Amino acid sequence: MALRTAGCVAVRPAAGLWVSKARTLVTTAVLRWRQAPLGPMPNEDIDVSDLDSLKKYNTYNLYFKKASEANNKEVWWKTYRKYKEAADPEHGAELVDIGLPPLQRCRKEELKQRMQLLKDNKNNAELERASRLRTFRIPLDRVQETWEKTDKKFHLKRLAEHYGIFRDLFPMAYFLPQVILHVSYSQEDRKVQVHNGNKLTPAEAAAAPEVSFAAEEGSLWTLLFTCPDEHLLDNEAEYVHWLVGNIPGGAVQEGQELCHYMPLIPAKGTGFQRYVYVLFKQDNYIDFQEEVRESPCHSLQERTFKTVDFYRKHQEVMTPAGLAFFQSQWDPSVTDTFHNTFHMKEPVFQYIRPPVYHPPQVKYPHKQPLRYLDRYRDGKPHTYGIY
């Protein structure tokens, strides 16, 4: 009995000390100075105890109108929109359209042609018989041709905005690619087409492609092939892969080659990179004497290029009109290009992972997996399991 009493007496000071500290902490938290809000808080005037008395919106249009007014109302607190605008001064700035003027479409004439087409289809006995017997086949070539003439340019513009093509090549500007570019690389047994951001290997794009586009007789064009992600020293610069100016009509092979074709060189470890074809329409003949590189040009320094500077220099007589791009990443042919073409050591970007951290080993591991000791064994790497 004496031992129990002594134990109780010995415990009381520690418990009292803990209670005293807890009371001090609570008192400090309660009496902590708090700054008053700078204005009314959101939804402060709403009586949450009587929600049935709130005004009801009978239509969605009325609700959307009131919500838009509340969204545009100035508030004293900092919203996410204000935070983004303060961090990025160009956020929400209006972009400049630097492309060709839109084609004037006669809606009345299009409707007339469509009605005539429907009338001809109704009077076509073979078409009616194939439709009735369910043997009618839709010509996909004509569907593709119609889509390219009508909606492809809008799809291509949205894809270019998604991949950041305009942002990196033409800052604060954009254009509608009204001229459709057809780019294909010839292989031994097939042709590889460049679509809207598809993936090609550097081996497939090792030689100059076949480029075709619809052009009026007597018109002049400039074709540029560049990569906004490839430069090894300057993040804002590019390497020009191919540049042909003063192209008569659509004959690219007859144009003035300002810089011969260079294979792709996406460095190892940098992932996928964007490769962009830009077609410019010229108002007249342009003297590109300053843009001419020696042929062959095997110097990356001389191929350093900026599309926006090139366009600003000739913007009075040149307008972007066509666009095509794809993606590519490293393959063994890039090593051969660096060693045999540029005679330089290949740059390789690697992430050095730190060794796995293991806490100090304990003699009696409590609540540890059965393979706990595997992580502390010497020798070859082991399969540590889940822990």
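What you are looking at is a predicted structure, and each value in this text was computed from that prediction instead of being measured.

Draft legend 1. Examining the overall build of the protein chain more closely. Scanning the protein chain from N- to C-terminus turns up 10 helices and 12 strands. When the 387 residues of the protein chain are sorted by exposure, 30% land in the buried category. By element, 54% of the accessible surface of the protein chain is carried by carbon and sulfur atoms, the whole surface being about 28,400 Å².

Draft legend 2. How the structure looks around the side chain of serine 184. Within the secondary structure, serine 184 sits in strand E3 (residues 182-186). Of the residues examined, serine 184 reaches a relative accessible area of 7% and is grouped as buried. When sequence neighbours within four positions are dropped, the list of residues in contact with serine 184 reads Lys191, Val192, Gln193, Pro209 and Glu210.

Draft legend 3. Structural context of the sheet that holds strand E4 (residues 191-193). The antiparallel open sheet is built from 3 strands, whose spatial order is E4-E3-E6. Across the chains shown, the open sheet's two edge strands, defined by having one partner strand only, are E4 and strand E6 (210-212). Across the sheet, the axes of successive neighbouring strands diverge by a mean angle of 25°, strand direction being ignored. Bridge count for E3 against E6 is 3 bridges, and the pairing is antiparallel. Residue pairing for E6: histidine 182 is matched across the bridge by serine 212.

Draft legend 4. Looking closely at the nonpolar core. Counting 26 residues, the largest nonpolar core has Leu181, Tyr185, Leu223, Phe225, Trp242, Tyr277 and Phe326 as its most contacted members. If you list the elements that add at least two residues to this core, you get E3, strand E7 (220-227), strand E8 (238-248), strand E10 (273-282) and strand E12 (318-328). Ala160, Leu224, Val276 and Tyr311 belong to the second largest nonpolar core, which has 25 residues in total.

Draft legend 5. Inspection of unusual backbone geometry at higher detail. In this structure, the amide linkage connecting serine 295 to the following residue, proline 296, adopts the cis form with an omega of 0°. Secondary-structure assignment places proline 296 in the loop between E10 and strand E11 (304-305). A positive phi angle is found at asparagine 246, which is not glycine, with a value near 55°. Tracing the backbone through its elements, the reader meets asparagine 246 in strand E8. Its identity is not glycine, yet histidine 343 carries a phi of approximately 50°, on the positive side.

Draft legend 6. Examining the pattern of salt bridges more closely. Under the counting rule described, the total for this entry stands at 13 salt bridges. Between lysine 152 and glutamate 148 there is a salt bridge, with the nearest N and O atoms lying 3.9 Å from each other. What makes lysine 152 buried here is its relative accessible area of 11%. Aspartate 168 serves as the salt-bridge partner of arginine 167, at 3.2 Å between the closest nitrogen and oxygen. Residue aspartate 168 is classed as partly exposed on the basis of its relative accessible area of 31%.

Draft legend 7. Structural detail: the side chain of asparagine 198. Within the secondary structure layout, asparagine 198 lies in strand E5 (residues 196-199). Within polar-contact distance, the side chain of asparagine 198 engages the backbone oxygen of glutamine 193 at 3.0 Å. In this view, asparagine 198 contacts Gln193, Phe325, Phe326 and Gln327; residues no more than four positions away in its chain are not counted.

Draft legend 8. A look at the pairing of E8. Most of E8 sits inside the fold, with 10 of its 11 residues counted as buried. Bridge count between E7 and E8: 7 bridges; the pairing is antiparallel. Following the sheet pairing, leucine 223 is matched in E8 by valine 244. By the bridge criterion, 3 bridges tie E8 to strand E9 (residues 256-259) in an arrangement that is antiparallel. Its bridge partner lying in E9, glycine 245 is registered against glutamine 256.

Draft legend 9. Fine view of the packing of aromatic side chains. Inspection of every chain in the model, using the stated rule, returns 23 aromatic pairs. One aromatic cluster is present, built from ring pairs that chain together Phe166, Phe170, Phe175, Phe280, Phe288, Phe305, Phe310 and Tyr311. The ring of tryptophan 330 has lysine 268 lying over it, and the distance from NZ or CZ to the ring centre is 4.7 Å.

Thresholds applied
- Position numbers for residues start from 1 in each chain and track the written sequence from start to end.
- The predicted origin of the model limits local features to residues at a pLDDT of at least 70 and limits the giving and counting of side-chain atom pairs to 80 or more, whereas totals for whole chains, interfaces and linings rest on all residues.
- Only heavy atoms go into the side-chain values, all of them from the structure, while hydrogens and water stay out.
- A helix here means a DSSP run of H or I that spans at least four residues, while a strand means a run of E at least two residues long, and both kinds are numbered starting from the N terminus.
- Buried means the residue's accessible area, taken with a 1.4 Å probe over protein chains only, is under 20% of the maximum for its type, while exposed means over 50%, and partly exposed covers the values in between.
- Computed with the Shrake-Rupley method and a 1.4 Å probe, the accessible areas treat only the protein chains shown as cover for residues.
- A contact between two residues is defined here by any heavy atoms of the two lying within 4.5 Å.
- Strand pairing is defined by DSSP finding a minimum of two bridges between the two strands.
- Between N-to-C directions, angles span 0 to 180 degrees; the directions come from axes that are lines fitted to C-alpha atoms, helices contributing only their stretch in contact.
- Residue types Ala, Val, Leu, Ile, Met, Phe, Trp, Tyr and Cys, when buried and joined through side-chain atoms within 4.5 Å, form a set referred to as a nonpolar core.
- A side-chain nitrogen of Lys or Arg and a carboxyl oxygen of Asp or Glu constitute a salt bridge if their distance falls within 4 Å.
- We call two N or O atoms a polar contact when they sit within 3.5 Å, provided that within protein one can donate a hydrogen and the other can accept it, with sequence-adjacent residues counted only if both atoms are side-chain atoms.
- Note on ring pairs: Phe, Tyr and Trp rings are taken, using the six-membered ring of Trp, and paired if centres are within 6.5 Å. Classes follow the plane angle, with under 30 degrees stacked, over 60 edge-to-face and the rest tilted.
- Lysine and arginine charges are scored as sitting over a ring when NZ or CZ, respectively, is within 6 Å of the ring centre and within 35 degrees of the ring normal.

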